[in-house]
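Fold and contact review
Listed below, chain by chain, are the residues.
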Amino acid sequence: TISWSESAAAEAEAIAAIPCSGHGRAYLDGILVDGVPTCECNTCYAGADCSQLLPDCPADADSGDPLFLEPYWQQHAASSAVVFSGWHRMSYRTTGDYFISVELEKHIRLLHEAVGNAVTDGRFIVFGSGSTQLLNALVYALSPENASTPASVVATAPYYALYKLQTDLFDRREYEWKGVTSKWVNASVASMGNFIEFVTSPNNPDGRLLQSVLGGSSVIYDHAYYWPHFTAIPAPADEDVMIFTASKVTGHASSRFGWAVIKDEKVYQKATEYMQLNTMGVSRDTQLRVLKLVKVMLAEMRGEGGIFEFGHKTTRERWSKLSKVISSSNRFSLQQLSPLYCTYFKKIIDPSPAYAWLKCEMEGDVDCSAVLREAGIISRAGAVFEASSRYARLSLIKTQDDVDLLLQRMEALVSKEDV
Ligand SMILES: C=C(NCc1c(COP(=O)(O)O)cnc(C)c1O)C(=O)O
């Protein structure tokens, strides 16, 4: 029988039952109005119960806020809930060394094995508060100690802006941002020194499966999107340094949980040292929560309750709807992605990228995100990715409301071309 957890469970269920008209949700720690957490509405929806659609409100397709998976977890409420006691893991200690949960590490390895998207045998695993924290941990770990010149950190455009922003923010003693790979691809090996190359595969913003351009010794493969939600899995990733994040596989961006799979023990030890000195590991509350989520994914794997079946169906539908709208346009074009055999689904699957990488083709449309903003669509400008401003990124992984509004605005914009 349950006793002390009963009121916690009752409170959680009562808040979860607040409907918010299906255009929002209430959280236990939501802002209280008359003692009740308010509904937190999807963009363009307002009112105490999120029932009002604001007229002329722009569709917000800017961030990769992964709420496309929220319905999945609502459909798995019982198996994915976690109640933890007021005294859960007060100690700094964890079951494993270096502030790692043994069970969570084990289940992450089981997840990669079940999905077949990464080799983890014989590799070390480091947790981070979001993969964001691991990006700099690994730049630090791959930077040479007391070298005469700092390591040069690079990426191929278009690239995820955080790589540059973080590298520029932290102390550059051992590393500094040295721009895009195209500047260096023909440099003489001698002048190369120590390069650390970020490779995002599938890429953010355009969804392409990429390999290292410089072929140097230190490459950080960011596989945030290397899951069947967003791409076919042609083979398990098998690189020296690979990064993953719960944000994009379970959709729990706010739990702040990422992990790195590292082949070289010295690199692992330096990344671990960074995590110890930076935050003394990842919140144990988060580790418990993510363990529960991974257990659900494994239990439901490949069944009709499978998260990848749900996720891929969602992203695939969104991509094909947007592609259909853009296919009738002369003004806009989308990135070309081809169907590919997927070892997870065991068949060839059509593209289902997290983001649309839209190009404005008309001579005068030099600022694509401005053209879209004019039509009531908020996008992420191409320049943010060090790409031409003729491009703009549209997020396809937010709520269904967000994508419906985006599609409506895009259809209206394209249909105006005919007149
Ligand atoms: C949310 C977005 N990006 C998250 C992201 C991250 C950060 O994920 P976190 O684990 O949530 O910190 C890391 N790597 C890549 C390639 C990413 O795209 C975005 O681009 O809008």
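What follows concerns the overall build of the protein. Within the protein, the regular secondary structure consists of 13 helices and 21 strands. Its C-alpha atoms give the protein a radius of gyration of 22 Å, within 12% of the compact-globule value 22 Å for 419 residues. Dimensions of the protein along its principal axes, counting C-alpha atoms only, are 70 × 60 × 45 Å. The proportion of buried residues among the 419 residues of the protein is 50%. The contacts in the protein between residues at least 6 apart in sequence include a share of 68% that link residues at least 24 apart. Accessible surface for the protein amounts to roughly 19500 Å². Of this, 53% is attributable to carbon and sulfur atoms. For the protein, the distance from the average position of its 38 positive side-chain charges to the average position of its 49 negative side-chain charges is 3 Å.

This paragraph deals with the site of the ligand. In the vicinity of the ligand, 19 residues are found, and the nearest of them are T132, D222, Y225, T245 and S247. Contact between the ligand and S247: an oxygen atom at 2.6 Å from a side-chain N or O atom of the residue. Here an oxygen atom of the ligand and a side-chain polar atom of R256 are 2.7 Å apart. Look at the ligand: alone it shows 500 Å² of surface, and the protein chains cover 91% of it. Among the secondary structure elements, those contributing two or more residues to the shell around the ligand are helix 5 (130-142) and helix 8 (246-249). With three residues, helix 5 is the single largest residue contributor to the shell around the ligand. In the shell around the ligand, the residues fall into five nonpolar, nine polar and five charged.

On to the state of the cysteines. Scanning the entire structure with this criterion turns up four disulfides. Each disulfide pairs two cysteine sulfurs, and for C44 the partner residue is C57, the sulfurs being separated by 2.0 Å. Measuring the twist about the S-S bond at about -80°, one finds the C44-C57 disulfide to be left-handed. You can see C44 sitting in the loop between strand 4 (40-41) and strand 5 (45-46) and its partner C57 sitting in the loop between strand 6 (52-53) and strand 7 (59-60), a full 13 residues away along the chain. The pair C44 / C57 is uniform in exposure class, with both members buried. Within the protein, bonded cysteines paired by disulfides and numbered along the sequence follow the pattern 1-2, 3-5, 4-6, 7-8.

The next subject is the sheet that holds strand 18 (residues 355-360). Pairing is antiparallel in the open sheet, where four strands are placed in the order 15-18-21-20. Each having just a single partner strand, strand 15 (332-333) and strand 20 (380-381) make up the two edges of the open sheet. In this structure, strand 18 lies alongside strand 21 (residues 391-395), joined through five bridges in antiparallel fashion. By the bridge assignment, W357 is partnered in strand 21 with R393.

For the rest of this paragraph, the subject is the pairing of strand 8 (residues 124-128). Along strand 8, four of the five residues are buried, which leaves the element largely enclosed by surrounding structure. Bridging between strand 8 and strand 14 (residues 258-262) involves five bridges; their strand directions are antiparallel. Opposite V126, over in strand 14, you have A260 as the bridge partner.

What follows covers the pairing of strand 21. Burial analysis of strand 21 places four of its five residues in the buried class, which makes it a mostly covered element. Relative to strand 21, strand 20 is paired through two bridges, and the arrangement is antiparallel. Note on strand 21: the bridge partner recorded for R380 is R393.

Parameters and conventions
- Residues numbered from 1 in each chain as written.
- Predicted model: local features only at pLDDT ≥ 70, side-chain atom pairs only at ≥ 80, totals over all residues.
- Heavy atoms only, no water.
- Helix = DSSP H or I, 4+ residues; strand = E, 2+ residues; numbered from the N terminus.
- Rg over C-alpha atoms; globule rule 2.2 N^0.38 Å.
- Buried < 20%, exposed > 50% of the residue type's maximum accessible area, 1.4 Å probe, protein only.
- Contact = heavy atoms within 4.5 Å.
- Areas by Shrake-Rupley, 256 points an atom, 1.4 Å probe, with all protein chains shown as cover.
- Lys, Arg positive; Asp, Glu negative; His and termini not counted.
- Charge placed at Lys NZ, Arg CZ, Asp CG, Glu CD.
- Near = heavy atom within 4 Å.
- Polar contact = N/O pair within 3.5 Å; in protein donor to acceptor, adjacent residues only side chain to side chain.
- Nonpolar A, V, L, I, M, F, W, Y, C, P; charged D, E, K, R; others polar.
- Disulfide = S-S within 2.5 Å.
- Pairing = 2+ DSSP bridges.

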